[in-house]
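Listed below are the residues making up each chain.
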Amino acid sequence: MKIRYLHTMVRVEDLDKTMAFFRLLGLEETRRIDNDKGRFTLVFMAPPGQHECPVELTYNWDGDDGLPSDSRHFGHLAYRVENIYQMCQKLMDAGVTINRPPRDGHMAFVRSPDNVSIELLQEGEHLPPQEPWASMENTGHW
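This section reports on the structure supplied with the text. Quick caveat: nothing in here was measured; it's all calculated off a predicted structure. (Residues numbered from 1 in each chain as written. Predicted model: local features only at pLDDT ≥ 70, side-chain atom pairs only at ≥ 80, totals over all residues. Heavy atoms only, no water.)

## Observations regarding the overall build of the chain
Each helix and strand in the chain was counted, giving two helices and eight strands. Element order for the chain, N to C, with α for helix and β for strand: β-α-β-β-β-β-α-β-β-β. Relative to a compact globule of 142 residues, whose C-alpha radius of gyration would be 14 Å, the chain shows 16 Å and is just as compact. Dimensions of the chain along its principal axes, counting C-alpha atoms only, are 50 × 35 × 30 Å. Taken over 142 residues, the chain has a buried fraction of 38%. Considering only residue pairs separated by 6 or more positions, the chain has 57% of its internal contacts joining residues 24 or more positions apart. (Helix = DSSP H or I, 4+ residues; strand = E, 2+ residues; numbered from the N terminus. Rg over C-alpha atoms; globule rule 2.2 N^0.38 Å. Buried < 20%, exposed > 50% of the residue type's maximum accessible area, 1.4 Å probe, protein only. Contact = heavy atoms within 4.5 Å.)

This is the structure we're talking about:
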């Protein structure tokens, strides 16, 4: 039997805010479904040229009392980035907390506005340690 990855779904509290966060990571909207009868919107976002690897953002129009609780029960989303220091700086400049800084030049964790844990991994070899990342403490959990 064959199996094929389709997507990862996360429930979101504020669709616009969450989409803005994923745009900061470099993802783009690839598909949208507005379901009037079910009163929800599904937005699929993926890296450019990688539409086969989307994250599905599920927004319930009438709210969701379970959000923004800790959504780590499913683990995390992971994205490989060209330069982890530049990506973390871009996110930090936009007000995103770097929960686990890339002290090793290889791995960092941040959280989306809906508390979804996002792992960022450096493409290729680890970058040499550099400040402010090398001495930056963890914030919260990931």
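Picking up where we left off.
## Description of the environment of Glu56
Its location among the elements puts Glu56 in strand E4 (residues 55–60). Since its relative accessible area comes to 8%, Glu56 is described here as buried. Taking the C-alpha atoms as reference points, Glu56 and Leu42, 14 residues apart in sequence, are found 6.4 Å from one another. Residues in contact with Glu56, not counting those within four places in the same chain, are His7, Thr8, Met9, Val10, Leu42, Val43 and Phe44.

## Considering the layout of surface pockets
The space that makes up the largest pocket amounts to roughly 340 Å³. Along the walls of the largest pocket sit 19 residues, with Pro47, Gln50, Ala78, Tyr79 and Arg80 positioned nearest its centre. No other element matches strand E5 (residues 77–81), which puts five residues into the lining of the largest pocket. In the lining of the largest pocket, the residues fall into 13 nonpolar, three polar and three charged. (1 Å grid on protein atoms, 1.4 Å probe; cavity = no way out; pocket = protein on both sides within 12 Å on 5 of 7 lines; lining within 4 Å. Points joined across faces, edges and corners; volume = space filled by probe spheres on them. Nonpolar A, V, L, I, M, F, W, Y, C, P; charged D, E, K, R; others polar.)

## Some thoughts on the pattern of salt bridges
Applying the stated criterion across every chain yields a total of four salt bridges. For the salt bridge of Asp104 with Arg100, the shortest nitrogen-to-oxygen distance reads 3.5 Å. Looking at Asp104, the relative accessible area reads 26%, which means it is partly exposed. Take Arg100: its relative accessible area is 12%, and that puts it in the buried class. (Salt bridge = Lys/Arg side-chain N within 4 Å of Asp/Glu carboxyl O.)

## What about the sheet that holds strand E8 (residues 117–122)?
Pairing is mixed across the open sheet formed by four strands, whose spatial order is E5-E8-E7-E6. Unpaired on one side and paired on the other, E5 and strand E6 (98–100) mark the two borders of the sheet. The mean angle between the axes of side-by-side strands here comes to 35°, regardless of whether they run parallel or antiparallel. In terms of strand pairing, E6 meets strand E7 (residues 107–111) through two bridges, oriented antiparallel. Residue Arg100 lies in a different strand from E7, and its bridge partner there is Phe109. (Pairing = 2+ DSSP bridges. Axes fitted to C-alpha atoms, helices over the stretch in contact; angles between N-to-C directions.)

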